[in-house]
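Next come the chains, spelled out residue by residue.
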Amino acid sequence: MMKFPLPKVTFPLTINTIGIVIATGHEIVARCCTNGCTRKNGRLNLVQIAKRSPLGWEQGTLHDELLQYVFCPVCRAAGRNDKNLAFTLSTGDAHCLWPKAEHDRSEAAKRARGGEN
Ligand SMILES: [Zn+2]
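The structure presented is a predicted model; accordingly, all values stated were derived computationally and were not measured.

How each quantity is defined
- Residues numbered from 1 in each chain as written.
- Predicted model: local features only at pLDDT ≥ 70, side-chain atom pairs only at ≥ 80, totals over all residues.
- Heavy atoms only, no water.
- Phe/Tyr/Trp six-rings, centres within 6.5 Å; stacked < 30°, edge-to-face > 60°.
- Lys NZ or Arg CZ within 6 Å of the ring centre and 35° of its normal.
- Salt bridge = Lys/Arg side-chain N within 4 Å of Asp/Glu carboxyl O.
- Helix = DSSP H or I, 4+ residues; strand = E, 2+ residues; numbered from the N terminus.
- Contact = heavy atoms within 4.5 Å.
- Polar contact = N/O pair within 3.5 Å; in protein donor to acceptor, adjacent residues only side chain to side chain.
- Core = buried A, V, L, I, M, F, W, Y, C linked by side-chain atoms within 4.5 Å.
- Buried < 20%, exposed > 50% of the residue type's maximum accessible area, 1.4 Å probe, protein only.

> Is there a simple way to explain the packing of aromatic side chains in this structure?
The relation between two aromatic rings is expressed through the spacing of the ring centres and the mutual angle of the planes. The full count for this structure, using the stated rule, is 0 aromatic pairs. The ring of Phe71 carries Arg76 above its face, with NZ or CZ at 3.6 Å from the centroid.

Written as structure tokens, this is what we have:
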């Protein structure tokens, strides 16, 4: 089993490696920029990229540093350029619907009961 000791977060903060992205609770989303592609967004599996990189957690997160590890599967299957990607750093909760969906269901149930708890 490969161990992943996360790096120490120091200030001033520079988010420039996969280890720092994970240690600070961020994630990276890839977006395919090819016209007509139906696969627009996908979160990168940063753990898998770190495992495949010879640098591990120290793998850089600049566009060209990430591009070698990812591709657009829809464009690859269609025979198009599968590396026409843009990357965005985002907070980890930006795409997690679970707590919000739970909250929304709970609120809807309260309204259905006439507002009591
Ligand atoms: Zn694509």
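Moving on, there is more to tell.
> How should I be thinking about the pattern of salt bridges in this particular structure?
Pairing between side chains of opposite charge can happen when the charged atoms of each approach one another. Going through the model one piece at a time under the given rule, you end up with 3 salt bridges. Between Arg43 and Glu27 there is a salt bridge, with the nearest N and O atoms lying 3.4 Å from each other. Here Glu27 lies in strand E1 (residues 26-32) and Arg43 lies in strand E2 (residues 41-43), a separation of 16 residues in the sequence. Among the salt bridges present, the one from Asp82 reaches Arg76, with a minimum N-O distance of 2.6 Å.

> Please explain the environment of Thr24 as it appears in this structure.
By secondary structure assignment, the location of Thr24 is in the loop between helix H1 (18-23) and E1. Here the alpha-carbon distance between Thr24 and Gly92, two residues 68 residues apart in the chain, equals 9.1 Å. In contact with Thr24, other than residues within four places in its own chain, are Val9, Leu13 and Ile15. A polar contact is formed between the side chain of Thr24 and the side chain of His26, at a distance of 2.8 Å.

> Where do I start with the nonpolar core in this structure?
Most often, soluble globular proteins have nonpolar side chains that are buried together. The biggest cluster of nonpolar side chains holds 19 residues, and the ones touching the most others in it are Ile28, Leu44, Leu85 and Phe87. Contributing elements (two or more residues each) for this core: H1, E1, helix H2 (46-52), helix H3 (63-67) and strand E3 (85-91). Among all residues touching Ile28, those that are not within four sequence positions of it are Val21, Gly42, Arg43, Leu44, Leu46, Thr61, Leu66, Phe87, Thr88 and Leu89.

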